[in-house]
Every structure is written in structure tokens, then in C-alpha cells.
Amino acid sequence: MHSFFVPSLAVQIYSIAGRVNEAWIDVPEGSKKYYGQCNQICGVNHAYMPIVIQALNEEDYAGMAGTLKKSSLLQKSCQTLRFWLQLINFIVRAGR
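Residues numbered from 1 in each chain as written. Predicted model: local features only at pLDDT ≥ 70, side-chain atom pairs only at ≥ 80, totals over all residues. Heavy atoms only, no water.

A.B. asks: Give a detailed account of the environment of Ile-88, specifying residues and quantitative values.
C.D. replies: As for its position among the elements, Ile-88 is in helix 2 (residues 73-94). Counting along the chain gives 39 residues from Ile-88 to Met-49, while the straight-line C-alpha distance between them is 9.1 Å. (Helix = DSSP H or I, 4+ residues; strand = E, 2+ residues; numbered from the N terminus.)

A.B. asks: Explain the side chain of Ser-3 to me, and be specific about the residues and the numbers.
C.D. replies: Mapped onto the elements of the fold, Ser-3 is located in strand 1 (residues 2-6). Exposure remark for Ser-3: the relative accessible area of 1% places this residue in the buried category. Not counting residues up to four positions away in its chain, the partners in contact with Ser-3 are Gln-12, Ile-13, Tyr-14, Gln-37, Cys-38, Asn-39 and Gln-40. (Buried < 20%, exposed > 50% of the residue type's maximum accessible area, 1.4 Å probe, protein only. Contact = heavy atoms within 4.5 Å.)

A.B. asks: Help me get a handle on the sheet that holds strand 2 (residues 11-15), residues and values and all.
C.D. replies: Read across the sheet, four strands follow the order 2-1-3-4 without closing on themselves; strand pairing throughout is antiparallel. The sheet is open, and its two borders are formed by strand 2 and strand 4 (50-55), each paired with just one other strand. Adjacent strand axes in the sheet meet at a mean angle of 25 degrees when their direction is disregarded. Where strand 3 (residues 32-38) meets strand 4, six bridges bridge the pair, whose relative direction is antiparallel. Within strand 4, the residue paired with Gly-36 across the bridge is Ile-51. (Pairing = 2+ DSSP bridges. Axes fitted to C-alpha atoms, helices over the stretch in contact; angles between N-to-C directions.)

A.B. asks: Could you give me a rundown of the pairing of strand 1, with the residues and numbers involved?
C.D. replies: Residues in a regular strand point their side chains to alternate faces of the sheet. Direction of pairing for strand 1 relative to strand 2: antiparallel, over a ladder of five bridges. Directly across from Ser-3, in strand 2, lies its bridge partner Tyr-14. Where strand 1 hands over to strand 2, the hairpin turn is made up of four residues, of which Ala-10 adopts a positive phi near 55 degrees. The pairing of strand 1 with strand 3 spans two bridges and is antiparallel. Note on strand 3: the bridge partner recorded for Phe-4 is Cys-38.

A.B. asks: A description of a nonpolar patch on the surface should follow, citing residues and the corresponding values.
C.D. replies: A cluster of nonpolar side chains, Met-1, Tyr-14 and Ile-16, forms an exposed patch at the surface whose accessible area comes to about 280 Å². Mapped onto the secondary structure, Tyr-14 falls in strand 2. With a relative accessible area of 41%, Tyr-14 lands in the partly exposed category. (Patch = residues over 30% accessible without salt bridge, like charges linked within 9 Å, V, L, I, M, F, W, Y side chains within 5 Å. Areas by Shrake-Rupley, 256 points an atom, 1.4 Å probe, with all protein chains shown as cover. Salt bridge = Lys/Arg side-chain N within 4 Å of Asp/Glu carboxyl O.)

See below:
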């Protein structure tokens, strides 16, 4: 089990293998990065689970979305996300 925590946004969500969670939060307007980490002692790789949330204003978001649609970056991003999700799943299973 993991507990992903971003203190500056006052959000914490538990992650359990095989379950899908979502959280809705109010993020202050403007572009900014918010940092967090898993705060549940979940195993040997616990210290290597940083979280970065990149908040974008509407203009930056529209630009990023347009760029992703026009490039293969979206496909590469999906592949990278799939890799990290598989790795997290592996870590969760190994920690049981």
C-alpha cells in the first residue's frame, strides 16, 4: 500500500494494488510545480517515489495539448506512463 501526499495542496490518497483511485482538488491559479512523496513506509524503494504535479494556466495548457496532439510525444508519454504504472505495480506486489 502507498499513500501519495502533496502537502502544499493538502491532498493525500492511498494506492492499493488492483484499485483505481482519483482525487479532485482545488489548485491555485497560475503555473507552478507542487512536490510530494509516498508517506507510507511501503518497502525498500519508499524513498524513491517522488511526486511532481505541474499546474498550468489555461494558455499554457492549451499550448501543451496542441503540441501533444501534433507530435508523437503523446504516444511516447503514454508508453512512459505505462512503464511507470507497471513498475509501481511490481513494487507494490514485491512489498506484500
